[in-house]
Each structure stands twice: as structure tokens, then as C-alpha cells.
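Read off the chains here:
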Amino acid sequence: TTEADLGVALSGFPSPVMVNDQVTYNVTVTNFGPNTATTFTLTIALPTGVILKNVSATNYTVSGSNLIFNFGALAVGVNTNLQFTVQPTVATNLTFSASVGSTGLLDTNMANNFASTNITVQNFSGTLIATNVSAMTYNPQNGLMEQTIALSNVGTNVVTAARVIVSGLTNWLYNAIGTNNG
């Protein structure tokens, strides 16, 4: 029997997010050795209340609420990465988990074969207004088109997070930066 230590890590967007936001998670499987893992399976459990929007790898099947990936050899010290994007549809606390394993492999450290992360999903509860502060202008210093918008909370509820959707652009959206002035 071949010995190898497969480990999995799962990371995602920090809480909270709003209902219907799209959230991307990163999954990394690493072979810590001492031998090559000839095949392995990665299972990602999606909680109830999310819609799967995208997966960066194509070698998966869906079984119930699980994404199951079958991979070939993974050499010692090498990792494989993938991302998946989901859209939460309900306001709740959600738990995502990932597990890795291999038949015919003696895994020398089972403690790192499982990873999970939680996210809080909230309903939107504010009155926000987005306004153009400036026209789109060309900045010769960075070669980009720039425009400033302002997002204001005109309601009485605190808004912990906001999403601004920009449409009608005639150029690629390259970077978005902002400040929070209360």
C-alpha cells in the first residue's frame, strides 16, 4: 500500500454577504508525501440554499448536494487548486465543506482530510442611492478610463455591505476602489 498525506484547504468570501450575491470559494488539495498519490477524490458539500453558478474544473459530477472530483496522480509537494462560485438564496448561516481521500492509499494524517468554512447571508435592509459624481474621463498617467460614483445610505438602517452593479460600460472594468465614509 502506498503512503501519502493528502490535505485539503477551503477558503471563501468573508461574512456577511447579501442574498443573491455571488461568492467564490477556493479549494486546494496538497500531497505532503512521502509518495505520489496515484488517484484521489475531492468532495465538496454544498449547503441547502445556494445555487451553483460556476466551477473552474470540468472533471466533476454532481450527486445530491455534493460536487465530486476525480483526479489522477498528485506528486509529493504538489497541490491542485480549483474554485467554485455559488449564489446564496436565503438569509441564514451556511457551512461549506471539502474532503479528500483515495482508495488504495494509506493516508498518514487523516486530520487534514476535511475542511469547512461558514458564511453569514443577510437580507438587504437599506435604502441606497448610487449617483455619478464625474463623467468618464481618460487618465493619461495609467491609460485607463475613470469615473467616480457615490453610494449613499438615505435610510435609517445600517447597511453592513453593498453591491454596486455597473452596466452600460463602453470599456472594460479594470479596477474598482472605494472608501467608506460612514
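Each remark here, short or long, concerns the structure printed above.
Now for a look at the structure at hand. Just so you know, these numbers come straight off a predicted model, no measurement behind them.

With that settled, the discussion passes to the overall build of the protein. Looking only at helices and strands, one finds 0 helices and 15 strands in the protein. Residues counted as buried form 29% of the 182 residues belonging to the protein. For the protein, contacts bridging at least 24 residues in sequence account for 71% of all contacts bridging at least 6. Counting every atom, the protein has about 11,200 Å² of accessible surface; 51% of that belongs to carbon and sulfur.

What follows covers the pairing of strand β1 (residues 2-11). Pairing of β1 with strand β10 (residues 105-107) involves 3 bridges; the strand directions are parallel. By the bridge assignment for β10, T2 is matched with L105. Summarising the sheet, β1 and strand β3 (residues 23-34) pair through 7 bridges and their orientation is antiparallel. By the bridge assignment for β3, G7 is matched with T30.

Our next topic: the sheet that holds strand β7 (residues 66-71). Spatially, 6 strands are ordered β2-β11-β9-β4-β7-β6 in an open sheet, and the strand pairing comes out mixed. If you trace the sheet from one side to the other, it starts and ends with β2 (17-18) and β6 (60-63), each paired once. Here β6 runs beside β7; their pairing, made up of 4 bridges, is antiparallel. By the bridge assignment, Y60 is partnered in β7 with F69.

Below, the discussion takes up the packing of aromatic side chains. By the definition in use, this model includes 6 aromatic pairs. With 5.4 Å between their ring centres and 15° between their planes, Y25 and F84 make a pair best called stacked. With Y25 in strand β3 and F84 in strand β8 (residues 79-88), this pair connects stretches of sequence that are 59 residues apart. Y25 sits in the buried class, given a relative accessible area of 1%. A ring pair is formed by F69 and F71, whose centres lie 6.1 Å apart and whose planes are at 15°; its orientation type is stacked.

Now for the side chain of S102. Among the structural elements, S102 can be located in the loop between β9 (93-101) and β10. Looking at S102, its side chain comes within polar contact range of the main-chain oxygen of T39, at 2.5 Å. Once you skip the residues sitting within four places of it in the chain, S102 turns out to touch L6, T39 and F40.

Formed by 33 residues in total, the largest nonpolar core has its most connected members in V27, L42, I44, F69, F84 and F96. Taken together, the elements giving at least two residues each to this core come down to β1, β3, β4 (40-45), β5 (50-55), β7, β8, β9 and β11 (114-122). Apart from the residues lying within four places of it in its own chain, the contact partners of F69 are F40, T41, L42, I44, V55, A57, N59, Y60 and L82.

The rules behind the values
Residues numbered from 1 in each chain as written. Predicted model: local features only at pLDDT ≥ 70, side-chain atom pairs only at ≥ 80, totals over all residues. Heavy atoms only, no water. Helix = DSSP H or I, 4+ residues; strand = E, 2+ residues; numbered from the N terminus. Buried < 20%, exposed > 50% of the residue type's maximum accessible area, 1.4 Å probe, protein only. Contact = heavy atoms within 4.5 Å. Areas by Shrake-Rupley, 256 points an atom, 1.4 Å probe, with all protein chains shown as cover. Pairing = 2+ DSSP bridges. Phe/Tyr/Trp six-rings, centres within 6.5 Å; stacked < 30°, edge-to-face > 60°. Polar contact = N/O pair within 3.5 Å; in protein donor to acceptor, adjacent residues only side chain to side chain. Core = buried A, V, L, I, M, F, W, Y, C linked by side-chain atoms within 4.5 Å.

Read these as layout, nothing more, since geometry by itself doesn't imply function.
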